[in-house]
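# What the coordinates show
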Amino acid sequence: MSIKNVTVLGSGLMGNGLTLVFARDPDTHVILRSRSMKSEPLAGIRTNLDMLISKGAMTEEEAGGVLSRIAFTTDMEKALKDADLVIECVLEDMELKQNLFSEIEPLCKDSCILATNTSVMSITEIASKVKDKSRFVGAHFWNPPYLIPLVEVVKGEETSDETMDTVYDYLKKIGKKPVKCAKDVPGFIANRLQHAIWREALSIVENGIADPATVD
């Protein structure tokens, strides 16, 4: 399966960032869906593009191409009907996420992959109200996603290998550096590594091995 149409649910900080990431790929069309219409629906994305242009990381022409591949809507059915991949960027609230996916699954085509951008919650638990759990996956982007290349592709208990491979390959295609997390564990990969470093840093200071400035 190839991913051509991506829908991002939620137009906050991460939603705007992910929309920009996907729309940088010339083969991807992105729909950004928000609950309410904004006077400047793509203002956050334009701000990010302006920053990239000012730093020499993107040209005006490239920014124009990005914007041409983005559509904004408040209509959930319109946002989902052609999607090959749907990723949510709503609040980190378990019930909210569970109910969202339960609501949108019937509106998506059978081949559509459902992804959550959660950084801390169980992929398996979020997917609990989804009927076809084989197409549900975690895709944890780091903020700001248009600057940080890492994406953790996280396997839930019933996520299929095909879903994992499809998302992993697509992310590589659009220029990210995805890694596969084969088990749905707290913290996934990177946060577990970060916390291990923090624990050791505290231990070094507490045991008088070095002072905080040296550890920093």
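Every chain is numbered on its own, with residues counted from 1 as its sequence reads. Only residues with pLDDT of 70 or above have their local features reported here, since the model is predicted, and side-chain atom pairs are shown and tallied only from 80 upward, although totals for entire chains, interfaces and linings are computed over all residues. As a rule here, side-chain values cover all heavy atoms of the structure and leave hydrogens and water aside.

## Here we look at the layout of surface pockets
Keep this limit in mind: Put plainly, a pocket is an open set of points on a 1 Å grid over the protein atoms alone with protein on both sides within 12 Å along at least five of seven lines, a cavity is a set where a 1.4 Å probe fits but cannot get out, and a lining residue has an atom within 4 Å of a point. Grid points are joined across faces, edges and corners, and a volume is the space filled by probe spheres set on the points. A run of DSSP states H or I qualifies as a helix once it reaches four residues; a run of E qualifies as a strand once it reaches two. Both are numbered from the N-terminal end. Following the grouping adopted for this structure description, the nonpolar residues are Ala, Val, Leu, Ile, Met, Phe, Trp, Tyr, Cys and Pro, the charged ones are Asp, Glu, Lys and Arg, and the polar ones are all others, Gly among them.
Considered as a void within the structure, the largest pocket measures approximately 580 Å³ in volume. Elements supplying a minimum of two residues to the lining of the largest pocket: α1 (13–23), α5 (94–104) and β6 (136–141). With four residues, the single largest contributor to the lining of the largest pocket is α5. When its residues are assigned to classes, the lining of the largest pocket shows 10 nonpolar, nine polar and six charged.

## Observations regarding helix α3 (residues 60–68)
For the record, the criterion: Buried residues are those whose accessible area, probed at 1.4 Å on protein chains only, stays under 20% of the maximum for their type, while exposed residues exceed 50% and partly exposed ones sit between those limits. This arc corresponds to the set of directions leading from the helix axis out to the C-beta atoms. Whether two residues are in contact is decided by their heavy atoms: any pair within 4.5 Å suffices.
Within α3, burial applies to Ala 63, Gly 65 and Val 66. Take α3 and look down its axis: the buried residues cluster within an arc of 155°, on one side only. With respect to the buried face of α3, the exposed residues turned more than 90 degrees away are Glu 60, Glu 61 and Ser 68. Contacts from the buried residues of α3 go to α1, α2 (43–54) and β3 (70–73).

## Focus on the nonpolar core
As a reminder, the rule being used: Within this scheme, the nonpolar core is defined by two criteria: the residues are buried Ala, Val, Leu, Ile, Met, Phe, Trp, Tyr or Cys, and they are joined through side-chain atoms within 4.5 Å.
In terms of nonpolar packing, the biggest core is built from 36 residues, with Val 8, Phe 22, Ile 87 and Phe 141 touching the most fellow members. Once residues lying within four places of it in the same chain are set aside, the contact partners of Val 8 are Gly 15, Thr 19, Phe 22, Val 30, Ile 31, Leu 32, Arg 33, Ile 87 and Cys 89. Of all hydrophobic cores here, the second largest spans 21 residues; its members include Cys 112, Met 121, Cys 181 and Phe 188.

Nothing here speaks to function; it is geometry throughout.
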